[in-house]
Number of protein chains: 2
Amino acid sequence: MSFGHTVDVAVIGAGLAGLAAARALRGHGLEVVVIEARDRVGGRTLNHPIGDGKIVEIGGQWVGPGQDRVLALIAELGLETFPTYTEGQHLFEHRGRLHRYRGRIPLIASPALLEAWIGLQRLDRMARAVPADAPWSAPRAHTWDTETVETWMRRNLRTTVARQAITMVCKAVWAADPADVSLLHLLAYLNAGGGVDPMIETEGGAQQTRIVGGSQRIALAMAAELGDRVLLNTPVRKIEQLNASAVVHSDEARIDARRVIVAMSPALAGRLVYSPALPADRDQLTQRMPNGSVIKCMAVYDTPFWRADGLSGQVTAATGPVKVTFDNSPPDGDPGVLLAFLEGGDARALARHTAEDRRAIVLSCLARFFGAAATTPRDYVEKDWSADEWTRGCYGAFMPPNTWTEYGPALRSPAGRIHWAGAETATTWMGYMDGAIRSGERAAAEIATIAEVPARPGTAGTG
Amino acid sequence: MSFGHTVDVAVIGAGLAGLAAARALRGHGLEVVVIEARDRVGGRTLNHPIGDGKIVEIGGQWVGPGQDRVLALIAELGLETFPTYTEGQHLFEHRGRLHRYRGRIPLIASPALLEAWIGLQRLDRMARAVPADAPWSAPRAHTWDTETVETWMRRNLRTTVARQAITMVCKAVWAADPADVSLLHLLAYLNAGGGVDPMIETEGGAQQTRIVGGSQRIALAMAAELGDRVLLNTPVRKIEQLNASAVVHSDEARIDARRVIVAMSPALAGRLVYSPALPADRDQLTQRMPNGSVIKCMAVYDTPFWRADGLSGQVTAATGPVKVTFDNSPPDGDPGVLLAFLEGGDARALARHTAEDRRAIVLSCLARFFGAAATTPRDYVEKDWSADEWTRGCYGAFMPPNTWTEYGPALRSPAGRIHWAGAETATTWMGYMDGAIRSGERAAAEIATIAEVPARPGTAGTG
């Protein structure tokens, strides 16, 4: 299969970044094609039907204040939002006991939790000195990039409880253990999202708002606009750069383009064949940005029975393996849905069990939090993103030590005709849906400003 | 292109591991084919001609006591060895001054160096508790895998000089910075090679012995035995596993095999397409084992002029960017060759210079050590292994924190019909030529013991 003509830009990956890039390029009057390996669009967002036209989201799902690009796009696309369910009391499992509370996690309820709170405040202050668009330029970049979050905790937190609390934050935000992640990466990421509170909170934070019909609708709506410019079931294998153009090869298709945007996570982008080969810095970067590990589990019940007990469905627990839960029911609360996350080492350990055992373990955690009724859902859905051939880990990629300072500039520097997008390349809300959209628009802007690909008024609405 | 018949085993990669695997499989009477992307065999070993039939080795080159498999193979193949040049005095640059010494690095010449020596002894003792075939089972595995070598040094070494000394060891052995590498990985690797001294010493250690005609001759000799069973210029793109066989696909060739051995570094192995997709643990492991960064530089002079000054050509220097040098002349000392390593962050920084600038910087280091005559070599050769499309970093892969404990068993566990070889998978002399050979033979033994691929006496010498 060949297009038989040269498009202005070939975009690889029909996740939010790739679709937003294509949409922005069309706004500049450029002709695009989006090439996707899967049989669907949406990348790391994915709706899963649970009957009666209802869905659960088994990928990224939330938006929140400050995420202006995704919120604007949702409005432009005519989608609606609704608040994450937060009524009633949340549960916090601390020293083996369940505590009920309202509002923020009661981190000042004990001296040890106070220590965790002070630790998070300190990380927030440090993060302000780490520019998200150039973490390597922070005054203490080298020192902070030589260690893991784990060793920072060991040196700066005296109590196990405080370490457990920050470990929970690390798992919840990066789907990685504190021993996986460079301290500098944690700080850059916090800076990009505005700090600890905006990232971990529901009300007023990144988990505040949901999309009616599910977050994948953002991708579906953009893809609908693009029509047959989106090619599904077309895994790209190779990008060839010629003198005046580039050729994108899949098993059967060949697409000629003036420019290419690769909108994939760095690890998967590194698995394409590039001819000529990429510069060493870019190649070695892609060897050093692994994806996190998460299994998103959803138990579906006839009703959200925990609400009747005065519970919000939100749990934060130290022992696990389920350490974070949410009420993830549709807007009308019918059916009731509990969302349970397995993250970092917990996801890796549980992935080695059979599906049946894993389900039993997850439900037993939910029973510990919400009572015996939680053990008999009418449906149970899970998604191990590490096992997904076209994702290979969520929520996204992180930097282990000595990566930002040694390879940082290679993350976004174009390689000839190839530009890089994806949530990992965002400098605002890095790793989030909002960041993914911004990254696609940034890559599109890079191309739109290049003289050789002139804006051609009139093309946008026709082609 | 198709073989038109099914071989017993397809081996991917004609480095030492792949060739040793093929050789061992033929010894079991099995029919093999070795498929190599490059136009040559030898992988990370490579001879470079410098005229008059002489060569320099721009890849791995040394063998030493305890490396019994490579030494036996050298003898079997009829190759000869000669000692690395160590006559005269070595140089040690310490606090900006060059000190001459004989024998071991004079680590006890000052209190700070004594601290480095004690630190290395301590690492040696810790390494004894880390089984190289299962580092995750060490009693303190989790603790040691949560931190980088850098933070261990910061906590345990008080002086800058001691940290510099161990940093030099880290760069010299892993071509990585102490901030790159998990402490547990360093310990496992030390255990696999018998400890610090056997790894860093020349006389009595892993740099003791060279191969007449260059180390690539080991691979060339094995390839000669295999004849047309080695396919060059054939990059493998995909491995397909069927019910009763596997198919290895390159751009033009298709090879049917009962079993496959992938003898590539983990990062590059992870870039092949696997159908069906690999298990999550294996896939995420390959996202987490980056290759080191090294540029090997060779300056060729009419004579080894430093010998007349009573110098061995060996330098250990704190300031760099060249921190380690050797006399790398042919056995007859004609011409004189100085070998200079750029390793870890030094390699990455110097790779960003022009070739001309880099040469000038390297030669100015050599002039600091050996005098002005070093600035005018008759030839200068360098190899940046990170820029090599089919290697993407040397000396080999290392584990950042939280990789051995989270993913270790996936390093060697076969995935269906696919077995894993390569120096990184060795449990003795991991990362060395000796380890590469052992790994190939281990993978071959895994296959030879499987009933479905019976030994067929008489096949070995015919085919």
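Residues numbered from 1 in each chain as written. Chains lettered and ligands numbered in written order. Predicted model: local features only at pLDDT ≥ 70, side-chain atom pairs only at ≥ 80, totals over all residues.

Regarding the overall build of chain A
(1) Moving on: Assigned secondary structure in chain A consists of 16 helices and 19 strands.
(2) Moving on: The C-alpha atoms of chain A give a radius of gyration of 22 Å, which matches the 23 Å a tight globule of 463 residues would have.
(3) Moving on: C-alpha extents for chain A along the principal axes are approximately 65 × 55 × 40 Å.
(4) Moving on: For chain A, with 463 residues in total, the buried portion stands at 59%.
(5) Moving on: Taking the intrachain contacts of chain A between residues at least 6 apart in sequence as the baseline, contacts between residues at least 24 apart amount to 72%. (Helix = DSSP H or I, 4+ residues; strand = E, 2+ residues; numbered from the N terminus. Rg over C-alpha atoms; globule rule 2.2 N^0.38 Å. Buried ≥ 20, exposed ≤ 12 C-beta atoms within 10 Å, placed from the backbone. Contact = placed C-beta atoms within 7 Å.)

Describing helix 7 (residues 183–193) of chain A
Residues and elements named next belong to chain A.
(1) Moving on: Most of helix 7 is tucked away: 11 of the 11 residues are buried.
(2) Moving on: Residues Leu183, Leu184, His185, Leu186, Leu187, Ala188, Tyr189, Leu190, Asn191, Ala192 and Gly193 constitute the buried set of helix 7.
(3) Moving on: Residues of helix 7 that are buried sit in contact with helix 3 (111–127), helix 4 (141–145), helix 5 (149–156), helix 8 (196–200) and helix 15 (404–407).
(4) Moving on: In the stretch just after helix 7, Gly194 is the one whose phi turns positive, near 90°.

Some remarks on the domain arrangement of chain A
Residue and element names in this part refer to chain A.
(1) Moving on: Segmentation of chain A into domains returns domain 1 (2–43 + 215–278 + 415–448), domain 2 (47–87 + 206–212 + 292–387) and domain 3 (108–200).
(2) Moving on: Each partner contributes to the interface: domain 1 provides 11 residues, whereas domain 2 provides 14 residues.
(3) Moving on: Looking at the side of domain 1 that touches domain 2, the elements that each hand over two or more residues are helix 9 (216–226) and helix 16 (433–448).
(4) Moving on: For the side of domain 1 that touches domain 2, the per-class residue count stands at 6 nonpolar, 2 polar and 3 charged. (Domains from an automatic or database assignment. Nonpolar A, V, L, I, M, F, W, Y, C, P; charged D, E, K, R; others polar.)

Here's the deal with the sheet that holds strand 7 (residues 97–101) of chain A
Residue and element names in this part refer to chain A.
(1) Moving on: Reading across the sheet, the 7 strands line up as 7-6-15-16-17-14-18 and stay open at both edges, with mixed pairing between neighbours. Both outer strands of the open sheet, strand 7 and strand 18 (379–384), are each paired with one neighbouring strand and no more. The mean inter-strand angle of the sheet, taken between neighbouring strand axes irrespective of direction, is 20°.
(2) Moving on: Alignment of strand 6 (residues 89–94) against strand 7, held across 5 bridges, turns out to be antiparallel. Pairing of Glu93 across the sheet is with Leu98, part of strand 7.
(3) Moving on: On the sheet, helix 14 (residues 355–370) packs against strand 6, strand 7, strand 14 (294–301), strand 15 (311–317), strand 16 (324–327), strand 17 (336–343) and strand 18 and is oriented at approximately 115° with respect to strand 17. (Pairing = 2+ DSSP bridges. Axes fitted to C-alpha atoms, helices over the stretch in contact; angles between N-to-C directions.)

Considerations on the relation of the copies chain A and chain B
(1) Moving on: Rotating chain A by 180° about the axis while translating it 0.0 Å along that axis superimposes it on chain B, leaving an RMSD of 0.0 Å. The two molecules are tied by a two-fold rotation axis, judged by turn and shift. It is Arg271(A) whose C-alpha, among those of chain A, lies nearest the rotation axis, at 2.2 Å.
(2) Moving on: Counting the interface residues of chain A, we find that 100% of their copies in chain B are interface residues as well, pointing to one common contact surface. (Least-squares fit on C-alpha atoms with pLDDT ≥ 70 in both.)

Overview of the packing of helix 3 (residues 111–127) of chain B against helix 6 (residues 160–174) of chain B
Residue and element names in this part refer to chain B.
(1) Moving on: At their nearest, the axes of helix 3 and helix 6 sit 7 Å apart, and the two run at 45° to each other. In terms of orientation, helix 3 and helix 6 fall into the oblique class. Taken as a pair, helix 3 and helix 6 cross one another with a handedness that is right-handed. Touching Ala112, Leu113, Glu115, Ala116, Gly119 and Leu120 of helix 3 are Val161, Ala162, Ala165 and Ile166, all from helix 6.
(2) Moving on: Class assignment of the residues belonging to the contact of helix 3 with helix 6 gives a composition of 8 nonpolar, 1 polar and 1 charged. (Parallel < 35°, antiparallel > 145°, perpendicular 65-115°, else oblique. Left-handed = near helix turned anticlockwise from the far one by under 90°.)

Examining the interface of chain A and chain B
(1) Moving on: Facing 35 residues of chain A, the contacting portion of chain B comprises 35 residues.
(2) Moving on: Secondary-structure elements contributing two or more residues to the side of chain A that touches chain B are helix 5, helix 11 (280–286) and helix 13 (345–351) of chain A.
(3) Moving on: When the residues that make up the side of chain A that touches chain B are grouped by side-chain class, the tally is 9 nonpolar, 12 polar and 14 charged.

Description of helix 14 of chain A
Residues and elements named next belong to chain A.
(1) Moving on: If you check helix 14, its first and last C-alpha atoms are 22 Å apart, about what 16 residues at 1.5 Å a residue would give, namely 22 Å.
(2) Moving on: Among all positions in helix 14, only Arg358, Val362, Leu363, Cys365, Leu366, Phe369 and Phe370 are buried. Axial view of helix 14: buried residues confined to an arc of 150°, hence all on one face. Across helix 14 from its buried face, at more than 90 degrees, point the exposed residues Glu356 and Asp357.
(3) Moving on: In the stretch just after helix 14, Gly371 is the one whose phi turns positive, near 95°. (Expected span 1.5 Å × (residues − 1). Arc of directions from axis to C-beta.)

Topic: the environment of Ala387(A)
(1) Moving on: Here Ala387(A) lies in the loop between strand 18 and helix 15.
(2) Moving on: The spacing of Ala387(A) and Ser293(A) is 94 residues in sequence and 9.4 Å in space, taken between C-alpha atoms.

Things to note about the nonpolar core
(1) Moving on: Of all hydrophobic cores here, the largest spans 150 residues; its most connected members are Ala10(B), Val11(B), Ile12(B), Ala21(B) and Leu366(B).
(2) Moving on: Contacts of Ile12(B), omitting those with residues within four sequence positions, involve Gly18(B), Ile35(B), Val236(B), Val248(B), Val260(B), Ile261(B), Val262(B), Ala263(B) and Met264(B).
(3) Moving on: Counting residues in hydrophobic clusters, the runner-up holds 148 residues, among them Ala24(A), Val196(A), Leu338(A) and Val362(A). (Core = buried A, V, L, I, M, F, W, Y, C linked by C-beta atoms within 7 Å.)

A look at the pairing of strand 16 of chain A
On any regular strand, side chains alternate: one points to one face of the sheet, the next to the other face.
Residues and elements named next belong to chain A.
(1) Moving on: The alternating pattern of strand 16 places Val324 and Phe326 and Thr325 and Asp327 on opposite faces, both of which are buried.
(2) Moving on: As paired elements, strand 15 and strand 16 share 2 bridges and run antiparallel to each other. Counterpart to Thr316 in the pairing with strand 16 is Val324.
(3) Moving on: Between the end of strand 15 and the start of strand 16, which pair antiparallel, lie 6 residues, with Gly320 showing a positive phi angle near 75°.

Remarks on unusual backbone geometry
(1) Moving on: Looking along the chain, the bond that leaves Gly320(A) and enters Pro321(A) is cis, with omega of 5°.
(2) Moving on: Relative to the helices and strands, Pro321(A) is located in the loop between strand 15 and strand 16.
(3) Moving on: With omega at 0°, the peptide bond leading from Ser275(B) into Pro276(B) counts as cis.
(4) Moving on: With respect to the helices and strands, Pro276(B) occurs in the loop between strand 13 (273–275) and helix 11 (280–286).
(5) Moving on: A positive phi is found at Asn233(B), a non-glycine position, where the angle reads about 55°.
(6) Moving on: Looking at the secondary structure, you find Asn233(B) in the loop between strand 9 (230–231) and strand 10 (236–241).

Quick word on the sheet that holds strand 15 (residues 311–317) of chain B
All names here are of chain B.
(1) Moving on: Within the open sheet, the 7 strands sit side by side as 7-6-15-16-17-14-18. Their pairing is mixed. Looking at the sheet topology across the chains shown, the edges are occupied by strand 7 (97–101) and strand 18 (379–384). Here the average twist between neighbouring strands, direction ignored, is 20°.
(2) Moving on: In the packing of helix 14 (residues 355–370) onto the sheet, the strands contacted are strand 6 (89–94), strand 7, strand 14 (294–301), strand 15, strand 16 (324–327), strand 17 (336–343) and strand 18, and the crossing angle to strand 17 comes to about 115°.

Structural notes on the confidence of the model for chain A
(1) Moving on: Of the residues in chain A, 96% reach a pLDDT of 70 or more, and the chain-wide mean stands at 95.
(2) Moving on: Our summary of model confidence lists the complex with pTM equal to 0.96 and ipTM equal to 0.95. (pLDDT = per-residue confidence, 0-100.)

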